[in-house]
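Notes for the structure review
Letter by letter, the chains look like this.
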Amino acid sequence: MVEVFGLPLPVLAGQLMLGLVNGCFYAVLSLGLAVIFGLLRIVNFAHGAFFMAGAFGAWMLQHFLGLGYWAALLAVPLIVGALAGVFERGLLRRLYGLDPIYGLLLTFGLVLVLEGGFRIAFGTSGQAYPVPSQLQGVFNLGFMVLPIYRAWVIVAALAACVLTWWLIERTPLGARLRAATEKPTLTQSFGVNVPLLLTITYAGGIALAAFTGVLAAPILHVNSGMGSNLVIIVFAIVVIGGMGSVFGSIVTALGIGVIEGLTKVFYSEASTTVIFVVMALVLLLRPRGLFGKEGAA
């Protein structure tokens, strides 16, 4: 059997693939977080809770309405995003322009409400969500066996990242969003509905978190604490990539996923802390993050 660094190639490749899948989850989550902070200057601590809500939304659609995975993949991000828009219009927008700590405290309170509500309703043991029949099975690549669903996760997550980046950086809508956050009064004087654009931005970032939750539901056990386990890592990724940098969040998340996977192979005890070591080194050498811009908040 072929060995690399003293390890069988299938073992090493399997860990790299697992790290890439985790990196894809991190990428879409951190992308939504970076969009919200970069455009709204809100530290959205509730991002992990909305990720959890997306996974539970998929489970509830199947359990109560009999709707399958593909319907959930389309419907759940829209539903959760719409609810997030209501939250933004009713509460969050009152904090724009204030110290970011107020937004963090409000969204942290929302975390407690959401996680507590799902814990009371469905308990702490969690719920199983099956892999859709079309994506069951494996690809035999010769040097490793790749589950079809994990391959789908990589494709879907990367597609979501590329589409989001294109919308923000290469379309008139993205230009209006950036203008609305940088010069809201001037932008509104041109007839642009700035409050609506801000709501769309927040709802879109949360929809990305819910989309990731649906993707993760067949892999992770659906439970009320699943978002809390990821949100600190996602915040670290956004800091490493550069606060508000969409491209930086995507690249950093994929890189961290691979580094995490390799660490589990060579020194598993450090796999949960390696990201924070990387963050400390990056902040020492480049305080704005790898892709942060001069003068960025």
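Values in this document were obtained by computation on a predicted structure and should not be read as measured data.

**Details of the overall build of the protein chain**
Counting its secondary structure elements, the protein chain contains eleven helices and four strands. Taken over the C-alpha trace, the protein chain has a radius of gyration of 19 Å; the compact-globule value for 297 residues is 19 Å, and the two agree within 12%. By residue count, 48% of the 297 residues in the protein chain fall in the buried class. Sequence-distant contacts, at least 24 apart, represent 76% of the contacts inside the protein chain between residues at least 6 apart. Of the roughly 14100 Å² that the protein chain leaves accessible, carbon and sulfur atoms contribute 70%.

**Re the pattern of salt bridges**
Under the counting rule described, the total for this entry stands at one salt bridge. Across the pair Arg93 and Glu88 runs a salt bridge whose closest N-O atoms are separated by 3.3 Å. Take Glu88: its relative accessible area is 0%, and that puts it in the buried class.

**Here we look at the packing of helix 5 (residues 148–170) against helix 6 (residues 172–182)**
The geometry of helix 5 relative to helix 6 is characterised by a closest axis approach of 5 Å and an angle of 65 degrees between their N-to-C directions. Comparing their axes, helix 6 and helix 5 come out roughly perpendicular. Across from Leu167, Ile168 and Glu169 in helix 5, the residues of helix 6 making contact are Gly174, Ala175 and Arg178. In terms of residue class, the contact of helix 5 with helix 6 is made up of three nonpolar, one polar and two charged.

**A word on a nonpolar patch on the surface**
On the surface, Leu98, Ile101, Tyr102 and Leu105 cluster together into a nonpolar patch covering about 390 Å² of accessible area. Take Tyr102: it is sitting in helix 4 (residues 100–122). On the basis of relative accessible area, Tyr102 is assigned to the partly exposed category, the value being 47%.

**Brief notes about the packing of aromatic side chains**
Between two aromatic rings, the relevant description is the distance of the centres plus the angle of the planes. The tally for this structure, following the rule as stated, stands at 13 aromatic pairs. Ring plane angle 80 degrees and centroid distance 5.1 Å describe the contact between Tyr69 and Trp70, whose orientation is recorded as edge-to-face. Classification of Tyr69 as buried rests on a relative accessible area of 4%. A connected cluster of aromatic rings, assembled from ring pairs, spans Phe56, Trp59, Phe64, Phe118 and Phe122.

**Focus: the nonpolar core**
If you look at the biggest cluster of nonpolar residues, it comprises 90 residues, and the most contacted ones within it are Phe50, Tyr69, Tyr129, Tyr202 and Leu215. If we skip the residues at most four places from it in the chain, Tyr202 touches Ile36, Leu40, Asn44, Phe50, Ala84, Phe87, Glu88, Leu92 and Thr107.

**A word on the environment of Ser271**
In this structure, Ser271 sits in the loop between helix 10 (246–266) and helix 11 (274–285). Ser271 gets classed as buried once you look at its relative accessible area, which sits at 8%. Remark: the alpha-carbon pair of Ser271 and Gly261, spanning ten residues in sequence, is separated by 7.6 Å. In this structure, Ser271 is in contact with Glu260, Thr263 and Lys264, ignoring residues within four places of it in sequence. At a separation of 2.9 Å, a polar atom in the side chain of Ser271 contacts the main-chain carbonyl oxygen of Ser268.

**Let's talk about the confidence of the model for the protein chain**
Reading fine detail from the predicted coordinates is not recommended where pLDDT is low. In the predicted model, the protein chain carries a mean pLDDT of 88, and 96% of its residues have values of at least 70. Across the protein chain, the element-wise mean pLDDT spans from 60 in strand 1 (residues 3–4) up to 96 in helix 3 (residues 69–90).

Definitions and cut-offs
Residues numbered from 1 in each chain as written. Predicted model: local features only at pLDDT ≥ 70, side-chain atom pairs only at ≥ 80, totals over all residues. Heavy atoms only, no water. Helix = DSSP H or I, 4+ residues; strand = E, 2+ residues; numbered from the N terminus. Rg over C-alpha atoms; globule rule 2.2 N^0.38 Å. Buried < 20%, exposed > 50% of the residue type's maximum accessible area, 1.4 Å probe, protein only. Contact = heavy atoms within 4.5 Å. Areas by Shrake-Rupley, 256 points an atom, 1.4 Å probe, with all protein chains shown as cover. Salt bridge = Lys/Arg side-chain N within 4 Å of Asp/Glu carboxyl O. Axes fitted to C-alpha atoms, helices over the stretch in contact; angles between N-to-C directions. Parallel < 35°, antiparallel > 145°, perpendicular 65-115°, else oblique. Nonpolar A, V, L, I, M, F, W, Y, C, P; charged D, E, K, R; others polar. Patch = residues over 30% accessible without salt bridge, like charges linked within 9 Å, V, L, I, M, F, W, Y side chains within 5 Å. Phe/Tyr/Trp six-rings, centres within 6.5 Å; stacked < 30°, edge-to-face > 60°. Core = buried A, V, L, I, M, F, W, Y, C linked by side-chain atoms within 4.5 Å. Polar contact = N/O pair within 3.5 Å; in protein donor to acceptor, adjacent residues only side chain to side chain. pLDDT = per-residue confidence, 0-100.

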